[in-house]
There are 2 protein chains.
Amino acid sequence: MKETIGRDERLLALMVRTPDEPGTLHELTRVILDHRANITYVDIAERREDYSTVYFELEDVGAPDELIGDLKTLDIVLALERAPSFTKVYGKRIIVVGGGAQVGQVVVGAVAEADRHNIRGEKISIDTIPLIGEEDLAAAVRAVARLPRAVALVLAGALMGRDIARAVHEIREKGIVVLSLNMPGSVPDAADLVVSDPIQCGVMAVMAVSSSARFDIRLQRGRRY
Amino acid sequence: MKETIGRDERLLALMVRTPDEPGTLHELTRVILDHRANITYVDIAERREDYSTVYFELEDVGAPDELIGDLKTLDIVLALERAPSFTKVYGKRIIVVGGGAQVGQVVVGAVAEADRHNIRGEKISIDTIPLIGEEDLAAAVRAVARLPRAVALVLAGALMGRDIARAVHEIREKGIVVLSLNMPGSVPDAADLVVSDPIQCGVMAVMAVSSSARFDIRLQRGRRY
């Protein structure tokens, strides 16, 4: 990661409406490249019958107004507007997966704790994915490493092992912090930290990723509460 | 939206690791355009000191192996792997924003109800964004319309009005279903549906977006429970 200081000021977020057809992203990125701007975030926010909307976050934009002007000259640009950056709105994401009963309780703890940190200026959001079955769950765990802004995963179930445990090892290597409820199966052994009470598990997940908490996950690895 | 039938079979999801520098997306999209494939989803999944990972979902890919082969010949492609599609893993997203106490209870209802629908073959996930302050909240509400796969928003607070209500009207026009708890302020009047109990509000949000529920939000607009 590059230095954060000064980045926000030169960060430009844009919503660009184009026809939904091959080649539009290639044309937009040509103009962005001409301005030597770096694309730090991109997604397709809307897909309709007659158009798509692409959302970009760009850094190192020397002359934002000129870049916007150049994009607007493209035939494929139907509309363009500036937007506040996602990172500013959503911040870090904690993902909770497992069975509905336990996922709900983990989120209660995590959301309450995130409020306390957000009031002190952080931005931490909690996302849940209620899935069933080992195959689904392993795929969801692996997908967490590809989710923008995801920093931690909580496994909230009553039986998880085998391929899910392998997926946990894979995403830990990619820098995702993994917490698990105490449960049968090999997942607790694969996680950074095991917490029996779902509400406390949600609270600790937030503490582990917060920049304002004194909690250090490195000192807690392998522990069970 | 194009027809869903047959789309999945020709959908190709790729993780591509490149240096984190201007121009990489432009070069990747050139190869994708050469194959006349349409980019239906794209995001930057990882940003590290020495590389970035871009995630693509492509449709109408005639010859996936050739496309992958052509991408691999690029100097900027450090690694490339196929992945399961996000839509398949995550499905529709319901976003809950507001104060921690109430957000937690709405999610308990929504996650439990989503489990019931997911067991019947749907994919519905619940995401939360605990924020404070009118300005933050209005920005978060507006951002929901740009979030990939977001279909509904629940406003879970005890006082919301003014610019938040304007933002609610804007995203409803973009097709997002909005539910609100019963509360002071103009937001309940701006929402599609008002539900006093947070757990029931979460349950109804899932019913409103589920394809397997008998609940029809069009018949419920403007009602309060």
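What you see is a predicted model, and the numbers here were worked out from it, not measured in a lab.

Rules used throughout
Residues numbered from 1 in each chain as written. Chains lettered and ligands numbered in written order. Predicted model: local features only at pLDDT ≥ 70, side-chain atom pairs only at ≥ 80, totals over all residues. Heavy atoms only, no water. Axes fitted to C-alpha atoms, helices over the stretch in contact; angles between N-to-C directions. Helix = DSSP H or I, 4+ residues; strand = E, 2+ residues; numbered from the N terminus. Parallel < 35°, antiparallel > 145°, perpendicular 65-115°, else oblique. Contact = heavy atoms within 4.5 Å. Nonpolar A, V, L, I, M, F, W, Y, C, P; charged D, E, K, R; others polar. pLDDT = per-residue confidence, 0-100. Polar contact = N/O pair within 3.5 Å; in protein donor to acceptor, adjacent residues only side chain to side chain. Buried area = accessible area lost by both parts, 1.4 Å probe. Salt bridge = Lys/Arg side-chain N within 4 Å of Asp/Glu carboxyl O. Core = buried A, V, L, I, M, F, W, Y, C linked by side-chain atoms within 4.5 Å. Buried < 20%, exposed > 50% of the residue type's maximum accessible area, 1.4 Å probe, protein only. 1 Å grid on protein atoms, 1.4 Å probe; cavity = no way out; pocket = protein on both sides within 12 Å on 5 of 7 lines; lining within 4 Å. Points joined across faces, edges and corners; volume = space filled by probe spheres on them.

With that settled, consider the packing of helix α5 (residues 134–144) of chain B against helix α6 (residues 163–173) of chain B. All names here are of chain B. Contact geometry for α5 and α6: axes closest at 9 Å, N-to-C directions at 0°. Our classification of the angle between α5 and α6 gives roughly parallel. Taking contact as the criterion, the partners of E134, L137, A138, V141 and R142 in α5 are, on α6, D163, I164, R166, A167, V168, E170 and I171. Classifying every residue of the contact of α5 with α6 gives seven nonpolar, no polar and five charged.

Here we take up the confidence of the model for chain A. Residue and element names in this part refer to chain A. Considering every residue of chain A, the mean pLDDT works out to 88; 92% of them sit at 70 or more. Confidence, read as mean pLDDT per element, is least for helix α3 (residues 86–90) in chain A (65) and greatest for strand β8 (residues 177–181) (98). Segment residues 1–8: pLDDT under 50, and 11 contacts once partners within four positions in sequence are set aside and those in other chains are kept. What the predictor reports for the complex is a pTM of 0.78 with an ipTM of 0.75.

It is worth spelling out the side chain of E113 of chain A at this point. Residues and elements named next belong to chain A. Of note, E113 is situated in helix α4 (residues 100–119). Only 2.8 Å separates the side chain of E113 from the side chain of H117, close enough to count as a polar contact. Beyond its immediate chain neighbours, meaning those up to four positions away, E113 contacts V203, V206 and M207.

Turning next to the interface of chain B and chain A. Between chain B and chain A, the contact holds 68 residues from the first and 68 residues from the second. Carbon and sulfur atoms supply 59% of the area buried between chain B and chain A, which totals about 5900 Å² over both sides. Between chain B and chain A we count zero salt bridges in total. Counting across the interface, chain B meets chain A through 11 residue pairs in polar contact (both at pLDDT 80 or more). If you list the elements that add at least two residues to the side of chain B that touches chain A, you get α1 (24–34), β2 (38–47), β3 (52–59), α3 (86–90), α4 (100–119), β6 (124–130) and α5 of chain B.

This paragraph deals with the nonpolar core. Nonpolar side chains in soluble globular proteins tend to be buried together. Judged by nonpolar contacts, the single largest core of 104 residues is most densely connected at I126, L153 and L155 of chain A together with I126 and L155 of chain B. Sequence-distant contacts of I126 of chain A, that is, excluding residues within four places in its chain, are made with I94, V96, V107, A110, V111, A114 and V206 of chain A together with D127 and T128 of chain B. Listed in part, the 44 residues of the second largest apolar core include F56 and L80 of chain A together with L71 and I76 of chain B.

The next subject is empty space enclosed by the protein. Rolled over the atoms, a probe with the dimensions of a water molecule shows which regions are left empty. Enumeration according to the criterion identifies five cavities of 30 Å³ or more in this entry. Estimated volume of the largest cavity: approximately 150 Å³. The set of elements that each furnish at least two residues to the lining of the largest cavity consists of α1 (24–34) and β3 (52–59) of chain A together with α1 and β2 of chain B. Residue composition of the lining of the largest cavity, grouped by class: nine nonpolar, seven polar and two charged. Roughly 120 Å³ of volume is contained in the second largest cavity. Taken together, 15 residues form the lining of the second largest cavity, with N38 and I39 of chain A together with E21, T24 and I44 of chain B sitting closest to its centre. Residue classes in the lining of the second largest cavity are distributed as seven nonpolar, five polar and three charged.

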